[in-house]
There are 2 protein chains.
Amino acid sequence: MTETSSYPTRGSAASGRIGIGLELDSTHFKILEVLRENGRISVSALAERVGISRANAYTRFEALRADGAIKGFTAEIDHVRAGLGITALIFVTVRQQMWRQFRAQLAQMPEVEYCAITTGQHDAMIQVRMADVAAVHSLVTERLASIPAVKATETVFILDEVIKRPYILPTDRRPAPRRPAPEASGDGVPLGKMRFEGVSESRAGLQRDKG
Amino acid sequence: MTETSSYPTRGSAASGRIGIGLELDSTHFKILEVLRENGRISVSALAERVGISRANAYTRFEALRADGAIKGFTAEIDHVRAGLGITALIFVTVRQQMWRQFRAQLAQMPEVEYCAITTGQHDAMIQVRMADVAAVHSLVTERLASIPAVKATETVFILDEVIKRPYILPTDRRPAPRRPAPEASGDGVPLGKMRFEGVSESRAGLQRDKG
DNA sequence: GTTGAAATTAGTACGAA
DNA sequence: TTCGTACTAATTTCAAC
């Protein structure tokens, strides 16, 4: 298992050229689309579906792997069938200057499927999968709460996973493009100018004044 | 691509027997562990790594697929390299009795990687990947806000993805089991008795009463 | 559930366009 | 770069144990 975890310093453009790596053309994206749906497809069949020669498919396949655009291949496992039927989100407030410890402790917790550092009210969001709600309770109160770096937590349960598309691509286009194109690619909008949070409680008329 | 998306009515036990499906033994879990790390491994190599015969590996492999424990195989794609370097979480408050519409509209949005219905303050959490923050802004204010089912939204950006383990298993055990075993498997704890929110702090008002 | 052999397919290495 | 072919190695399938 070779891990390519060093990202380029900058990633800017939205089409093709990303940082220092490979320049992805439409054929690369086609390959990614196929492999995303069927990660075990043979390169021969892949070549056929994409419409290129086998040799070319092998070359591009290797290039995508070497570049890191494809990080690996995995089986999609049904969590319920595997015995982990309960999913919860835990929003964590982390004590400043204890991030390293927080990360280290998290790494020790295999039931954590996902952890992201976020802006906003909390500092991190953790997603866990467990056998039952009691196990979640136990994890939060006994293991998470005992980490000094954890100042506070807030847990919610996931009742249903409506959409789960592990690896989306910029080439995914929506089924029914009713409007021509919103032309919303202004690229100089600073974060400070955005009014996302608190949009709900003030009902800032943002979502059209029907309140 | 055969899809087995009908779950059994009940999923109870934590080890082995899940609902009506296949009974998973330790060998099945070993297979899942290998395939999770290398989804393109040959069944022969899989058999070798698990320590069973080829024929047995083929049988179990097929059984896991047929049962739905393995839903499919996918390539792990680097979002940054693919041109979707910005990740955001959008917490949505949905108008009651408009869930169907909400789901239908979401299905039309390919940039949505994940959407879950949750308990707690909001009704749903959406994760999106986009090229830049402006695109997120545009999505939230123009497309999400225009859905009548959406009453309010709150957006946060993901600054770093600390952990990303797509498919965890109950057999994952933590690296260093310092303590003997917390013995935390009380199974009759009702949800009402759980005090998750603000659990770790006396001044837990931090995250709630800021309105 | 296991082993071994045949048939098929996958992966590699070339030269040519 | 990409394609097409030939060559080698591996995998899958199928048989008997």
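Residues numbered from 1 in each chain as written. Chains lettered and ligands numbered in written order. Predicted model: local features only at pLDDT ≥ 70, side-chain atom pairs only at ≥ 80, totals over all residues. Heavy atoms only, no water.

Under an unreviewed UniProt entry, the name given to chain A is Lrp/AsnC family transcriptional regulator, and the source organism is Microtetraspora fusca.

A.B. asks: Would you mind going over the protein's contact with DNA strand C with me for this structure?
C.D. replies: In the vicinity of DNA strand C, the contacting residues are A:S42, A:V43, A:S44, A:R54, A:Y58, B:S53, B:R54, B:A55 and B:N56. Between A:Y58 and DNA strand C, the recorded distance is 2.6 Å, taken from a side-chain N or O atom to a phosphate oxygen. Contact between DNA strand C and B:S53: a phosphate oxygen at 3.0 Å from a side-chain N or O atom of the residue. Listing elements by their share of the surface near DNA strand C, those giving two or more residues are α2 (43-50) and α3 (54-67) of chain A together with α3 (54-67) of chain B. Looking at the surface near DNA strand C element by element, the count peaks at 3 residues for α3(B). (Near = heavy atom within 4 Å. Polar contact = N/O pair within 3.5 Å; in protein donor to acceptor, adjacent residues only side chain to side chain. Helix = DSSP H or I, 4+ residues; strand = E, 2+ residues; numbered from the N terminus.)

A.B. asks: Would you take a moment to explain the pairing of strand β3 (residues 112-118) of chain B for this structure?
C.D. replies: Remark: a regular strand shows side chains that alternate across the two faces of the sheet. Along β3(B), 7 of the 7 residues are buried, which leaves the element largely enclosed by surrounding structure. Here strand β5 (residues 150-164) of chain A runs beside β3(B); their pairing, made up of 5 bridges, is antiparallel. Within β3(B), the residue paired with A:K164 across the bridge is B:Y114. As paired elements, β3(B) and strand β4 (residues 124-130) of chain B share 5 bridges and run antiparallel to each other. Across the sheet, residue B:A116 finds its bridge partner in β4(B), namely B:M125. The loop that links β3(B) with its antiparallel partner β4(B) comprises 5 residues; one of these, B:G120, has a positive phi angle of about 95°. (Buried < 20%, exposed > 50% of the residue type's maximum accessible area, 1.4 Å probe, protein only. Pairing = 2+ DSSP bridges.)

A.B. asks: What should I look at first to understand the pairing of strand β5 (residues 150-164) of chain B in this one?
C.D. replies: The pairing of strand β2 (residues 86-94) of chain B with β5(B) spans 7 bridges and is classified as antiparallel. Looking across to β5(B), one finds that B:V94 is bridged to B:V150.

A.B. asks: Even after reading the chapter, I still don't get a positive patch on the surface, so can you show me in this structure?
C.D. replies: Taken together, A:K71, A:K164, B:K71 and B:K164 make up a surface patch of like positive charges. Of note, A:K71 is situated in strand β1 (residues 70-77). (Patch = residues over 30% accessible without salt bridge, like charges linked within 9 Å, V, L, I, M, F, W, Y side chains within 5 Å. Areas by Shrake-Rupley, 256 points an atom, 1.4 Å probe, with all protein chains shown as cover. Salt bridge = Lys/Arg side-chain N within 4 Å of Asp/Glu carboxyl O. Lys, Arg positive; Asp, Glu negative; His and termini not counted. Charge placed at Lys NZ, Arg CZ, Asp CG, Glu CD.)

A.B. asks: How do you make sense of the UniProt feature "domain: HTH asnC-type" (unreviewed entry) in chain A when you look at a structure like this?
C.D. replies: According to UniProt, the positions carrying the feature "domain: HTH asnC-type" (unreviewed entry) are residues 24-85 of chain A. Summarising residues 24-85 of chain A: 55% helix, 13% strand, and an end-to-end C-alpha distance of 38 Å. (UniProt positions renumbered as here; feature names shortened; annotations may be inferred.)

A.B. asks: Where do I start with the protein's contact with DNA strand D in this structure?
C.D. replies: DNA strand D sits among A:I52, A:S53, A:R54, A:A55, A:N56, A:R60, B:S42, B:V43, B:S44 and B:Y58. Residue B:S44 places a side-chain N or O atom 3.3 Å away from a phosphate oxygen belonging to DNA strand D. Taken together, the elements giving at least two residues each to the surface near DNA strand D come down to α3 of chain A together with α2 (43-50) of chain B. With 4 residues, the top contributor of residues to the surface near DNA strand D is α3(A). Its residues assigned to classes, the surface near DNA strand D shows 4 nonpolar, 4 polar and 2 charged. (Nonpolar A, V, L, I, M, F, W, Y, C, P; charged D, E, K, R; others polar.)

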